[in-house]
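Chain by chain, the residues:
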Amino acid sequence: MQIAIVSDTHSRTATIQLTLAVIAQRGIKLIIHCGDIEDDDAVLLCPAHTHFVFGNCDWDRDAIRTAIERTGATLHEPFGHLEIAGKALGFVHGDDKTLLHDLIAAETFDYIFHGHTHIARDEMIGPTRVINPGALHRARPKTFVILDVATGMAETVEIP
């Protein structure tokens, strides 16, 4: 099963729309957003099959929470956890370095996804693959990741 991992969209409507168009075109039915959504309008662009965590720039959490409920998407706090294709996925924004470290150190996840740094990352730490998809704002290039959870094949997708 393929999933899309995005982060740090920072309310950039045009970039979000381009990203979602690529995701839809690829037929991907699960999106993980690793935070820094920034406002409720950005959430309203996303389909119901999006899973969110908050980032440090998500100031109006009540409005974002309401928008997530309205779209039928899912909010995970303070971190997300899903089981897909027999794999344990954890996701967090990454600004809470202790939480990120603890999730990795627990060695209970096959994958941990995070954002915050705006720098792409894909590395093994013990039994856990840690992926930062990069960012869709304040990054060159703007990137997100498509991951086949079962095979581990990851593709970094650049957005103009």
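Structure's up top.
Quantities reported herein were computed from a predicted structural model and do not represent experimental measurements.

### A word on the environment of Ile146
By the secondary structure assignment, Ile146 is in strand E10 (residues 142–148). A residue is classified by how much of its surface remains accessible, and Ile146, at 1% relative accessible area, is buried. Residues Ile146 and Thr156 lie ten residues apart in sequence; the distance between their C-alpha atoms is 6.5 Å. Apart from the residues within four sequence positions on either side, Ile146 is in contact with Gln2, Ile3, Arg26, Ile28, Met153, Ala154, Glu155 and Val157.

### Concerning the environment of Ile31
For Ile31, the location among the structural elements is in strand E2 (residues 31–33). Between the C-alpha atom of Ile31 and that of Ala73, which follows or precedes it by 42 residues, the distance is 9.7 Å. Residues in contact with Ile31, not counting those within four places in the same chain, are Ala4, Val6, Leu20, Ile23, Pro47, His49, Thr50 and His51.

Rules and cut-offs
Residues numbered from 1 in each chain as written. Predicted model: local features only at pLDDT ≥ 70, side-chain atom pairs only at ≥ 80, totals over all residues. Heavy atoms only, no water. Helix = DSSP H or I, 4+ residues; strand = E, 2+ residues; numbered from the N terminus. Buried < 20%, exposed > 50% of the residue type's maximum accessible area, 1.4 Å probe, protein only. Contact = heavy atoms within 4.5 Å.

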